[in-house]
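Residues per chain are reported as follows:
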Amino acid sequence: MMSLTNSEPFGVTDLRLVFPKEKDLFFKDLTFQYHQGEKILFLGPSGCGKSTLLQVLSGLIPNSIEIPIKTRESRIPKRCGIIFQDPETQFCMPYADEEIAFVLENQQVAQDDMEDMIDQYLTAVGLKLHHRHQLISTLSGGMKQRLAVASVLALKPDILFLDEPTALLDPKGTEDLWKTVQTVSKDKTLIIVEHKIDHVIDYVDRIVLFNFNGQIIADGPKEMIFNQYRSELRQYGIWYPGIWEETFPDGEILKLPQEFLTEPCLILKDFKAYRGKQVKFEVSQFQINKGEWVAIVGENGAGKSTFIEGIMDLIKTKGDRVWKVKNEKNDVSFVFQNPEYQFVTDSVEEEMAFGLVIRGVKEEEIQLKVNEALRLFNLDHVRHLHPFQLSIGQKRRLSVASSIIHKPSIILLDEPTFGQDARNTFSLLRQFERMREEGTTLIMVTHEEEIVHRFATREIMIHNGQIKSDERTKRVVQLEGVNT
Amino acid sequence: MNSYLNPNQKWLARVNPTLKFLTIAAIFMIYLFVHNFNVMLVSSFAFFIFYLFCNGFSRKLSFWLVTMTFILSVFSASAMVFFGKGTHMLFEWHFMTISIESMTRGLHLGLRTFVYGMLGLIFASTTEPVPFFYSCMQQLRIPPKYAYSFLAAFRLIPIMIEEYRIIRAAMKVRGMSEEKGLLAFYRRVKRYAIILLAQAIRRAQRIAVAMEAKQFSMVKKRTYYYKIGFSRYDLIFTTLILFIIIGAWIFSSYVPLTPYNNVLERSY
C-alpha cells in the first residue's frame, strides 16, 4: 500500500493481550500497521476486539487501562485524539468552553490565548452556541459528540481514533458528526470503529475485517471487502448500505387490509403530559386500535418519550385516558430504552420469570414458559448469568422478552433497536412481527425510517409536543373487493 | 484577565472562594468557644440579616431553606432545653425538666446551629464548584488530580438523579413497587443500589479514561483558564464579617439583652 509519507508505519507486531481473570489470550500474535494519512475502518461483530485494538493502537492500553499486553514491536503515535461512544462520559467540566480549556491547560497553553483557541475549535466542528460558556448538559447527544471532537482537536492530533462515536446518536446527529469529522480530518490519519457505515463508507479507503475470535480475516481497499466478504458483513451484523432491502425484500412483509384496524384499545381525550410543571405533550382526541403497529417519530426533544410515558402514567398527566382492555396491569407492558434500568433480579432466568411470579402463575407453568422464552430469544446458554453480564444485544432481548412473557396485548417500546447491530435489530423485528400477527398492539418510538416503512402500520410524527401528522403507512392497503 | 462568567450576580459570588471558605470555617471555630448568650443572640440576628441580603437563592427556595434551618435549630435546642441539668427549675414533668440553665444552654445551642446554617447557606448559594476548585488549586495548591476529580463527580449528580427517576418508573412498570413488606423494601433498595452503583462506576471509569486521553495525568505543570485572584470584594467581605463578630461583642457588653453572660456557669 502506498503511504503518504516515508516515515515508518505505526502499529503493533505480534500483539498478545489477555483480559484479567480470563484463561485464553484475547489477541494472539495480532499484527496491524498503518501509515500516516490513511483513513481506516474496523469492521466486525460486537465483542470481537475492534475497540480493544483501537485502545492499544492509541496507547490507552496499557497506559490508562491496565490490561497486560505483550508486543514484539509497537509504534504508538504521540499525538492522538480519541472520541468515545458515550457522549455523557467524555467530559469532566460543566461548561463547553471549560472542557476545551481543560485540554489547553493540560498542554500549558497561555491563558491569554485560550479564548480565541476555544472559539476556533468550536467553529471548526460547526458548533454554533449562543456563547462559548454554555452548559454541556443542555446540548443534544450529537452536539456533545462534536464538542468532544473540538476538545480532542485542541490536542493537535495527527491521528484521530473514533470508537463507535455515533452508536448513541439519532440519524441527524450521526450525519452531522460525520460531516464534522470529514472537514476536520482532511490531512489527518483516521481509524474508525463503527457499525453504521452508511456515512463513513465514502470517506474511508481501507477496511479491516475481524471475525468473532478477534482475528483479522481481511484487510484492504473497501471495494475488495464489499465484493468478496458480503456474507461475512451480514453475518457480523454490520449495517452496510442496502442491507434492509436484502434482508426484507419488498413483498415479504404482509400487506394488511385497512378494515382490520378499527377496534380501539386506547382512547385519549384532552390529554396533557407534563415534565415538571411544563406541558410537553398535548392532544385533544386520539385513538390507538387493536393490532396496530404504531411508529412514533420526531426529532429529539419533540415529546415522543413524554407521550408514551404519559400513556403509561409514569409522569404527571391531565385529561382522559381509557384503556379498552380487561386488566391494565396485565395487558399493557413497557420496554425502556436502556435495558439495565428495568432488570430487577440477579439472573437471566429469574428475570424472565419475574413477570409471572408476581402475577401468581403456578411454578410448573412458569418453568415451561421461561424455557420457551429463553429458547425463542436465544438466551438459553446464558440463563444463569447476571443480566448485567450480558452483551448489549442480549440485554435488549432479555428486556423485551421479560416484558412480554405474560402475554400483554399492548406493548410500548422506547427505541427498542437503538444502538443494536443489524443482526440483533432484525431478530427483534421478526419477534415483533410475530407478536403483531398474534394480535398484539405495538407502540414504538423509533428513529429508523426503514422500520417505519417496512413494518409499522401507522406513523405518528410528533413536533413541539403535538401530533404533526398521523398517517397509515404503505403496509396498510385498501383491498379490492372487500368493501363491496 | 479571564474572569469567571458567573450567572450568579450577587457580590458574594465574586469573593475569592478559598477566602470565603476559610473565613467561614474560622467563624465555625470561633463560635464553638462563644458561651455568652447575648453575643450569640445578637450574632445570629446579624448573620440572619446578612444572609437575607446576600444569599444567592431564589426567594421561594430561600424561604424553605431558612425554615428547614430553623426547624433543625429547634431540634438541636430542644434536647438540651428539656433534658439538660440545672438547679433553677421552671417546669418538671416525668423525665422532662426545664431549668433556667438548661433553657439558656439549649437556646444557645439552637442559635449556634442557626448561625452555622446561615453561614453554610451563604457559602453554598454564592459559590460555584468550578471557581471554588480553581481557587483551591491556585491559592491552596491542591493537586489538580483531586480538584478535577471533584469537578468530574459534580457532573454525575444530575445524571444520577435522572437515572433514579427512570429506575423508579421501571420498577413501577415491572410491578416491583407493588410488593409490600420489609423484605420487598430491602430488595428494592438493593436494586436501586446495584443499578445506580454499576452505572456510576462504569461512568467514573470512562470519564477517567477520557481525561487521561486528553493528556491530563501526563503533566505536572498546567496553566489555568480562570485566574482566581483577590479583589475589593474580599476586603468588603472580611470587614463585614469582622464587624458582625466584634460588633456583636461590643453591643452585648454595653447593652446585655439578657442576664445570661455565660451559659456554662451554674448560678445567676
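In the nomenclature of an unreviewed UniProt entry, chain B corresponds to Energy-coupling factor transporter transmembrane component T family protein from the organism Terrilactibacillus laevilacticus. Taken verbatim from the UniProt record of chain B, the Subcellular location (unreviewed entry) comment is "Membrane".

S.K.: Hey, could you run me through the overall build of chain A in this one?
M.R.: Along chain A, the regular secondary structure elements total 16 helices and 21 strands. The globule rule puts the C-alpha radius of gyration for 484 residues at 23 Å, and the 25 Å found for chain A is close to it. Projected onto its principal axes, the C-alpha coordinates of chain A cover approximately 75 × 50 × 45 Å. If you take every contact in chain A between residues at least 6 apart in sequence, the share linking residues at least 24 apart comes to 68%. Working note: accessible area of chain A is about 21400 Å², and carbon and sulfur atoms make up 47% of it. Here chain A carries 58 positive and 71 negative side-chain charges, and the mean point of each set is 3 Å from the other.

S.K.: I'm lost on the packing of helix H2 (residues 37-54) of chain B against helix H4 (residues 100-126) of chain B in this one. Help?
M.R.: When two helices pack together, their arrangement is given by the angle between their axes and by how far apart the axes lie. Residue and element names in this part refer to chain B. Viewed as axis vectors pointing N to C, H2 and H4 meet at an angle of 25 degrees, and their least axial separation amounts to 9 Å. As summarised for this structure, H2 and H4 are arranged roughly parallel, according to the angle between their axes. Pair H2 / H4 crosses with left-handed handedness. Contacts from Phe37, Met40, Leu41, Ser44, Phe47, Phe48, Phe50, Tyr51 and Cys54 in H2 reach Thr104, Leu107, His108, Leu111, Arg112, Phe114, Val115, Met118, Leu119, Leu121, Ile122 and Thr126 in H4.

S.K.: Please clarify how the nonpolar core should be interpreted in this entry.
M.R.: A general feature of soluble globular proteins is that nonpolar side chains tend to end up buried together. In terms of nonpolar packing, the biggest core is built from 188 residues, with Leu412 and Phe432 of chain A together with Phe47 and Tyr134 of chain B touching the most fellow members. Take this core: its biggest share by element is eleven residues, from helix H6 (residues 144-174) of chain B. Counting contributing residues, this core receives three or more from each of domain 1 (11-131 + 229-254) and domain 2 (144-213) of chain B. Those residues in contact with Phe432 of chain A that lie beyond four places of it in its chain are Trp293, Val400, Leu413, Pro416, Leu442 and Met444 of chain A. In terms of nonpolar packing, the next biggest core, distinct from the first, is built from 31 residues, Phe42, Val56 and Ile191 of chain A together with Val209 of chain B among them.

S.K.: Even after reading the chapter, I still don't get the pairing of strand S1 (residues 10-17) of chain A, so can you show me in this structure?
M.R.: Successive residues of a regular strand alternate their side chains across the two faces of the sheet. All names here are of chain A. The element S1 is largely enclosed, with a buried count of six among its eight residues. Sheet topology note: the S1/strand S2 (residues 27-34) ladder contains five bridges and is antiparallel. Looking at the pairing, Leu17 lines up with Phe27 of S2. In this sheet, strand S5 (residues 73-75) lies alongside S1 in antiparallel orientation, the contact comprising three bridges. Within S5, the position partnered with Gly11 by the bridge is Arg75. Here S1 runs beside strand S4 (residues 69-70); their pairing, made up of two bridges, is antiparallel. Pairing of Leu17 across the sheet is with Ile69, part of S4.

S.K.: Is there a simple way to explain the packing of aromatic side chains in this structure?
M.R.: The geometry of two aromatic rings is summed up by the distance between their centres and the angle between their planes. Counting across every chain of the model gives 39 aromatic pairs over all chains. Pairing Tyr225 of chain B with Tyr226 of chain B gives two aromatic rings, centres 4.6 Å apart and planes at 40 degrees, and the pair type is tilted. Taken as a pair, Tyr225 of chain B and Tyr226 of chain B share a single burial class, namely buried. Among the aromatic residues, those joined into a cluster by ring pairs are Phe102 of chain A together with Tyr134, Tyr148, Phe216, Tyr224, Tyr225 and Tyr226 of chain B. Positioned above the aromatic ring of Tyr274 of chain A, the side-chain terminus of Lys316 of chain A is 4.6 Å from the ring centre. Residue placement shows Arg232 of chain B over the ring face of Tyr233 of chain B; its charged tip is 4.9 Å from the ring centre.

S.K.: Is there a simple way to explain the pattern of salt bridges in this structure?
M.R.: Think of it this way: side chains of opposite charge can pair up when their charged atoms draw near. Summed over all chains, the structure comprises 38 salt bridges over all chains. Between Asp380 of chain A and Arg383 of chain A there is a salt bridge; the shortest N-O distance is 3.2 Å. Arg383 of chain A gets classed as buried once you look at its relative accessible area, which sits at 16%. Connected through salt bridges with shared partners, the residues Arg275 and Glu309 of chain A together with Glu162 and Arg165 of chain B form a single ionic network.

S.K.: I would appreciate a short explanation of the UniProt feature "transmembrane region" (unreviewed entry) in chain B in the present structure.
M.R.: Mapped onto this structure's residue numbering, the UniProt feature "transmembrane region" (unreviewed entry) falls at residues 21-51, 63-84, 105-126 and 230-251 of chain B. The span residues 63-84 of chain B carries 95% helix and 0% strand; its end-to-end C-alpha distance comes to 31 Å.

S.K.: Sorry if this is basic, but what is going on with the pairing of strand S14 (residues 293-297) of chain A here?
M.R.: Residues and elements named next belong to chain A. Burial within S14 is extensive, with five of its five residues counted as buried. Here S14 shows two buried faces, one formed by Trp293, Ala295 and Val297 and the other by Val294 and Ile296. Note: S14 against strand S18 (residues 441-445), four bridges, orientation parallel. Opposite Ile296, over in S18, you have Val445 as the bridge partner. Pairing analysis gives four bridges linking S14 to strand S19 (residues 458-463), with the strands arranged parallel. The residue of S19 that forms the bridge with Ala295 is Glu459.

S.K.: It is not clear to me how helix H8 (residues 232-254) of chain B should be interpreted in this structure. Could you clarify?
M.R.: An α-helix turns once every 3.6 residues. As a result, residues three or four positions apart point the same way. All names here are of chain B. With 23 residues, H8 ought to run about 33 Å at 1.5 Å a step, and its terminal C-alpha atoms sit 32 Å apart, in line with that. When we look at burial in H8, the residues that qualify are Tyr233, Asp234, Phe237, Ile241, Ile244, Ile245, Ala248 and Ser252. Looking at the buried positions of H8, the neighbouring elements they touch are helix H1 (17-32) and H2.

S.K.: Could you clarify how one ought to interpret helix H10 (residues 304-311) of chain A in this entry?
M.R.: All names here are of chain A. Most of H10 is tucked away, with seven of its eight residues classed as buried. Along H10, the residues that are buried comprise Lys304, Thr306, Phe307, Ile308, Glu309, Gly310 and Ile311. Just past H10, the residue Asp313 takes up positive phi, approximately 65 degrees.

S.K.: Is there a simple way to think about the environment of Asn330 of chain A in this case?
M.R.: Residues and elements named next belong to chain A. Tracing the sequence through the fold places Asn330 in helix H11 (residues 328-331). A sequence separation of 233 residues divides Asn330 from Asp97, and the C-alpha atoms of the two residues are 50 Å apart. The residues touching Asn330, leaving out its near neighbours within four places in the chain, are Arg359, His406 and Pro408.

S.K.: What is the right way to look at the interface of chain B and chain A in this model?
M.R.: Put simply, an interface is often sized by how much accessible area is lost when its parts join up. Of the residues lining the interface, 53 residues belong to chain B; the matching set on chain A comes to 66 residues. Summing both partners gives a buried area of about 5000 Å² for chain B against chain A, and 54% of it is carried by carbon and sulfur. Taken as a group, Arg174, Lys214 and Tyr225 of chain B account for 19% of the area that chain B buries against chain A, more than any other trio of residues on that side. At the junction of chain B and chain A, the tally comes to 31 residue pairs in polar contact (both at pLDDT 80 or more). Elements with a minimum of two residues in the side of chain B that touches chain A: helix H5 (129-139), H6 and helix H7 (182-213) of chain B. Sorting elements by how many residues they give to the side of chain B that touches chain A places H7 of chain B first, with 16 residues.

S.K.: Explain the domain arrangement of chain B to me, please; I cannot follow it from the model alone.
M.R.: As far as domains go, chain B holds domain 1 (11-131 + 229-254) and domain 2 (144-213). For domain 1 of chain B and domain 2 of chain B, the distance between their C-alpha centres works out to 35 Å.

S.K.: Sorry, what's going on with a positive patch on the surface here?
M.R.: Together, Lys277, Lys316 and Lys318 of chain A together with Lys60 of chain B line one region of the surface with positive charge. Tracing the backbone through its elements, the reader meets Lys316 of chain A in the loop between H10 and strand S15 (317-323). Judged by its relative accessible area of 48%, Lys316 of chain A falls in the partly exposed class.

Cut-offs and rules
Residues numbered from 1 in each chain as written. Chains lettered and ligands numbered in written order. Predicted model: local features only at pLDDT ≥ 70, side-chain atom pairs only at ≥ 80, totals over all residues. Heavy atoms only, no water. UniProt positions renumbered as here; feature names shortened; annotations may be inferred. Helix = DSSP H or I, 4+ residues; strand = E, 2+ residues; numbered from the N terminus. Rg over C-alpha atoms; globule rule 2.2 N^0.38 Å. Contact = heavy atoms within 4.5 Å. Areas by Shrake-Rupley, 256 points an atom, 1.4 Å probe, with all protein chains shown as cover. Lys, Arg positive; Asp, Glu negative; His and termini not counted. Charge placed at Lys NZ, Arg CZ, Asp CG, Glu CD. Axes fitted to C-alpha atoms, helices over the stretch in contact; angles between N-to-C directions. Parallel < 35°, antiparallel > 145°, perpendicular 65-115°, else oblique. Left-handed = near helix turned anticlockwise from the far one by under 90°. Core = buried A, V, L, I, M, F, W, Y, C linked by side-chain atoms within 4.5 Å. Buried < 20%, exposed > 50% of the residue type's maximum accessible area, 1.4 Å probe, protein only. Domains from an automatic or database assignment. Pairing = 2+ DSSP bridges. Phe/Tyr/Trp six-rings, centres within 6.5 Å; stacked < 30°, edge-to-face > 60°. Lys NZ or Arg CZ within 6 Å of the ring centre and 35° of its normal. Salt bridge = Lys/Arg side-chain N within 4 Å of Asp/Glu carboxyl O. Expected span 1.5 Å × (residues − 1). Buried area = accessible area lost by both parts, 1.4 Å probe. Polar contact = N/O pair within 3.5 Å; in protein donor to acceptor, adjacent residues only side chain to side chain. Patch = residues over 30% accessible without salt bridge, like charges linked within 9 Å, V, L, I, M, F, W, Y side chains within 5 Å.

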